[in-house]
Amino acid sequence: MGFFDKLKNGLTKTRESIAKQVNNVFSVFVKVDDELFENLEEALIMADIGVETSTYIIEKLRDNVKHKHITDGNLVKEELKSIISEILSALDTTVNTSTTPSVILVIGVNGVGKTTSIGKIASHYKSMGKKVLLAAADTFRAAAIDQLDIWAQRSGCDIIKHQENSDPAAVVFDACTAAKARGADILICDTAGRLHNKKNLMAELAKINRVIERELPDSARETLLVLDATTGQNAVSQAKLFSEAADITGIILTKLDGTAKGGIVISIAKEQNVPVKFVGVGEGIDDLQEFNSDDFAKAIFEE
């Protein structure tokens, strides 16, 4: 099964949630009027697209319908799809791995699938023939180091690790040195997932970033935030909080297959202006792939 089919299958609940809400509105309202738009807005909010983004979509839809003199409900629906596709494709979802080595820093609260995502991304690049090095800089939890070690073995990648509670920046320093010495293509750094103390997190990330800038000044950089799709609008709030603490370049969205709340992809893109770069649609090692906005929009609306 290709990834698009997996994505489509994984988005079944989201598609049903969005399409069902939207189709219900169109089945009740024959006339294109204010009441139709109001009900559509409510349908989008119910489908976890969020209040702010839903309002924006409906205002744009009203304008487009007015300017194009659309009176047919089916054409209104097509217009709605294209507005959503537009929001998703406005941001660059490609992962920057243009230098050797490139650095991917991964952040996120515990329990969202951060370490697992790193293992799967490592495996993804390994299968493309890249040499991947992992840095276990989440030294806050011994379990995180052990878990990453298991993923390193599973994906056949080298790992740099220290003892529990050692300085994360020191781990990253050693990893940068090793990446240069071993000719790694991609260095992926795990970091501690603490958000309850934003000041500590910011200080820690700033220190790690200084190390990377000093040791690998010319490297392509990504800071990816892992979010759990099943938490819905809570994930959007997390994106907002983390954006205040770090310069996030993209999102890794996990557990998309187990939820009807995939609509958050749209609100994260619109409200946080941060693109989703990887999506997870299953338990398998190859079920986390680079995000394609066209495929996502198509998979959401395909009948």
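Remember, predicted model here, so these are calculated numbers, not experimental data. (Residues numbered from 1 in each chain as written. Predicted model: local features only at pLDDT ≥ 70, side-chain atom pairs only at ≥ 80, totals over all residues. Heavy atoms only, no water.)

**Q** What am I meant to see in the sheet that holds strand β3 (residues 158–160) here?
**A** Backbone-to-backbone hydrogen bonds pair the strands of a sheet. The strands run either parallel or antiparallel. Taken in spatial order, the eight strands line up as β3-β2-β4-β1-β5-β6-β7-β8 in an open sheet, and their pairing is mixed. Of all strands in the sheet, those with a lone pairing partner are β3 and β8 (288–290), marking the two edges. Shown here is a sheet whose adjacent strand axes are inclined to one another by a mean of 25°, direction ignored. Contacts between helix α8 (residues 168–182) and the sheet are confined to β2 (132–137), β3 and β4 (186–191), with β2 contributing the most and set at about 165° to the helix. In the packing of helix α9 (residues 198–215) onto the sheet, the strands contacted are β1 (102–107), β4 and β5 (221–228), and the crossing angle to β1 comes to about 175°. (Pairing = 2+ DSSP bridges. Helix = DSSP H or I, 4+ residues; strand = E, 2+ residues; numbered from the N terminus. Axes fitted to C-alpha atoms, helices over the stretch in contact; angles between N-to-C directions. Contact = heavy atoms within 4.5 Å.)

**Q** How should helix α7 (residues 142–155) be read in this particular structure?
**A** Residues spaced three or four apart along an α-helix point in a common direction, a consequence of the helix completing one turn every 3.6 residues. Helix length check: α7 (14 residues) gives 20 Å between terminal C-alpha atoms against 20 Å at 1.5 Å per residue, within 8%. For α7, every residue scored as buried is listed here: A144, I145, L148, D149, W151, A152 and S155. The buried residues of α7 occupy one face: seen down the axis, they fall within an arc of 165°. More than 90 degrees from the buried face of α7, the exposed residues found are Q153 and R154. Buried positions along α7 lie against α6 (114–126), β2, β3 and β4. (Expected span 1.5 Å × (residues − 1). Buried < 20%, exposed > 50% of the residue type's maximum accessible area, 1.4 Å probe, protein only. Arc of directions from axis to C-beta.)

**Q** What is the right way to look at the packing of α9 against helix α10 (residues 233–245) in this model?
**A** For any two helices packed against each other, the geometry is given by the interaxial angle and the distance between the axes. Two elements in contact, α9 and α10, have axes whose closest approach is 9 Å; the angle formed by their N-to-C orientations is 55°. In terms of orientation, α9 lies oblique with respect to α10. For the pair formed by α9 and α10, the contact residues are K198, L201 and M202 on the first element and L241, F242, E244 and A245 on the second. Tallied by class, residues from the contact of α9 with α10 come to five nonpolar, no polar and two charged. (Parallel < 35°, antiparallel > 145°, perpendicular 65-115°, else oblique. Nonpolar A, V, L, I, M, F, W, Y, C, P; charged D, E, K, R; others polar.)

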